[in-house]
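Residue-level structure breakdown
Here is how the chains run, residue by residue.
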Amino acid sequence: MSYHVNEKGYYGDFGGAYIPEMLYPNVEELRRNYLQIINDESFKKEFELLLKDYVGRPSPLYHARRLSERYGATIYLKREDLNHTGAHKINNAIGQIMVAERLGKKRIIAETGAGQHGVATATVCALRGLECVVYMGEIDIKRQAPNVARMKMMGATVVPATSGSKTLKDATNEAMRDWINNPVDTHYIIGSAVGPHPYPDMVARFQSIISEETRWQLKEKTGKETADYVLACVGGGSNAIGMFYHFLDDEDVKLIAVEAAGLGVDSGESAATTVLGKEGVLHGSRSILMQTPDGQVVEPYSISAGLDYPGIGPQHAHLFKSKRASYVSATDDEAMQAGLLLTRLEGIIPAIESSHALAHLEKMSFKGGETVVVCLSGRGDKDLDTYIRYFGL
Ligand SMILES: *Cc1c(COP(=O)(O)O)cnc(C)c1O
């Protein structure tokens, strides 16, 4: 079975490009050109150099000894938290701005919820000297003041989305409108493995550096390029698909994607898409999403802003339906405890998103001797207030 996108932009039943007619020229330009651009030798060289000298790659594969003792397996952490700007999102932002440059674009737009993708986008725009406009819900602008300040410091214009619920969904609508009005000079940087074809495939390719490095790092440390288990958290699914990518065809590697269960999958306050969702169209592709019986998108909830998304990318929907990967979930409480545990055992404060992946270790049983890789998608600096308030420290 193929787990990759086909000629038509589909992964099994999922994917495609469900977009308004007026966006067609923009998406079509990208679709026709993206593979040729990113497979070009000079592109690859420049991308590699930026990942090395600007992002700080390769990110270490760290053997977490005390965590390993606790669970009775050999656990490695893939340290995306050590990247410049503190998470995996920068890998994709650099790749996409380089594509934009090669398409002759002068202006970058993005949408952001918690602000992490907005910061990554503003960062690469400063790096390359391109104009940057970030759409962000009015409510999120208030909730995420430090990230708004970072974006402004980088020179980005942050435009409040004032319609609807004044959050991510509305920011996305505003960004789409902008793109329709500026089809020639503007590229839209999407921050996760979602959106119309070719975005999910393009983002997955840029993030696949995570598993590409992991294979040779595992080989160095264990003598073998593969692990028994590979875990990652899933919002839209970009760190998870990057972590899974080069293991997809090794069917003996068990892939585990951890969604945010919020207050519990049956609580009405959750973001566990594969449990609660049904097939449908969201943000330009056919996938699995949380919706009411008449097809209205259900507002998701998670303590972690980065996992608070009502869908998953189409490649994940395919990995779920084909059972190549298992999709599980962790609640707010389970994630918070796992975040504190890692901090106390290893001296690493993880992003609350990444803590969801760590939380699943608690539910696994090991015979001993298994090798496990967990993607530590980001660092917890941005979440300190939430941790401190939660634990009353
Ligand atoms: C944004 C974010 C996520 C969730 O996004 P994915 O596309 O699912 O990876 C996870 N971890 C961190 C640290 C993030 O910033």
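Here is what the cut-offs are and how they apply
- Residues numbered from 1 in each chain as written.
- Predicted model: local features only at pLDDT ≥ 70, side-chain atom pairs only at ≥ 80, totals over all residues.
- Heavy atoms only, no water.
- pLDDT = per-residue confidence, 0-100.
- Helix = DSSP H or I, 4+ residues; strand = E, 2+ residues; numbered from the N terminus.
- Salt bridge = Lys/Arg side-chain N within 4 Å of Asp/Glu carboxyl O.
- Buried < 20%, exposed > 50% of the residue type's maximum accessible area, 1.4 Å probe, protein only.
- Pairing = 2+ DSSP bridges.
- Disulfide = S-S within 2.5 Å.
- Domains from an automatic or database assignment.
- Contact = heavy atoms within 4.5 Å.
- Buried area = accessible area lost by both parts, 1.4 Å probe.
- Polar contact = N/O pair within 3.5 Å; in protein donor to acceptor, adjacent residues only side chain to side chain.
- Nonpolar A, V, L, I, M, F, W, Y, C, P; charged D, E, K, R; others polar.
- Core = buried A, V, L, I, M, F, W, Y, C linked by side-chain atoms within 4.5 Å.
- Expected span 1.5 Å × (residues − 1).

This paragraph deals with the confidence of the model for the chain. Per-residue pLDDT for the chain averages 96, and the proportion of residues at 70 or more is 100%. Across the chain, strand β4 (residues 74-79) holds the top mean pLDDT of 99, while helix α6 (residues 138-143) sits lowest at 89.

All right, on to the pattern of salt bridges then. Side-chain pairs of opposite charge can arise where the charged atoms are in close proximity. Taken as a whole, this structure holds 28 salt bridges when the rule is applied. We note a salt bridge from Glu41 to Lys44, for which the minimum N-O separation is 3.7 Å. Of the two residues, Glu41 and Lys44 are both situated in helix α2 (residues 41-55); the distance of 3 residues between them amounts to about one turn of the helix. Note that Lys382 is salt-bridged to Asp383, the shortest N-O span being 2.9 Å. By relative accessible area, which is 32% here, Lys382 ends up partly exposed.

So, on to the pairing of strand β6 (residues 131-137). Burial of β6 is extensive: 6 of the 7 residues sit out of reach of the surface. Where strand β5 (residues 107-112) lies against β6, 6 bridges are found, and the strand directions are parallel. Pairing of Ile108 across the sheet is with Cys132, part of β6. Relative to strand β7 (residues 157-161), β6 runs parallel, the two being bridged by 5 bridges. Across the sheet, residue Val134 finds its bridge partner in β7, namely Val158.

Okay, the state of the cysteines next. This structure, assessed with the given rule, holds 0 disulfides. For Cys125, which is in no disulfide, the shortest distance to another cysteine sulfur is to Cys132 and amounts to 3.7 Å. Since its relative accessible area comes to 2%, Cys125 is described here as buried. Cys233 takes part in no disulfide bond, and the closest cysteine sulfur to it belongs to Cys375, at a distance of 7.0 Å.

The next thing to look at is the domain arrangement of the chain. Domain annotation of the chain identifies domain 1 (20-49 + 89-203) and domain 2 (57-87 + 208-391). Using C-alpha coordinates to define each centre, domain 1 is positioned 23 Å away from domain 2. Contact residues are listed per partner, giving 19 residues for domain 1 and 22 residues for domain 2. Three residues, Asn91, Gln116 and Val194, lead the burial of domain 1 against domain 2; their summed loss comes to 25% of the area buried on that side. Across the domain 1-domain 2 interface, the total number found is 0 salt bridges. Taken together, the connections running from domain 1 to domain 2 amount to 5 residue pairs in polar contact (both at pLDDT 80 or more). Mapped onto the side of domain 1 that touches domain 2, the elements with two or more residues apiece are α4 (89-102), α5 (116-128), α8 (168-181) and α9 (199-207). Residue composition of the side of domain 1 that touches domain 2, grouped by class: 8 nonpolar, 9 polar and 2 charged.

A few words on the nonpolar core. With 83 residues, the main nonpolar core has Val99, Val230, Met243 and Phe244 as its most contacted residues. The leading source of residues in this core is α4, at 7 residues. Among the domains, domain 1 (20-49 + 89-203) and domain 2 (57-87 + 208-391) are the pair contributing at least three residues each to this core.

Now for α5. With 13 residues, α5 should cover 18 Å at 1.5 Å per step; its first-to-last C-alpha distance of 19 Å lies within 8% of that length. Where burial is concerned, most of α5 is hidden: 10 out of the 13 residues are buried. Residues Gln116, His117, Gly118, Val119, Ala120, Thr121, Ala122, Thr123, Val124 and Cys125 constitute the buried set of α5. Buried residues along α5 sit against α2, α4, β5, β6 and α7 (145-153). After α5 finishes, the residue Gly129 shows a positive phi value of roughly 70°.

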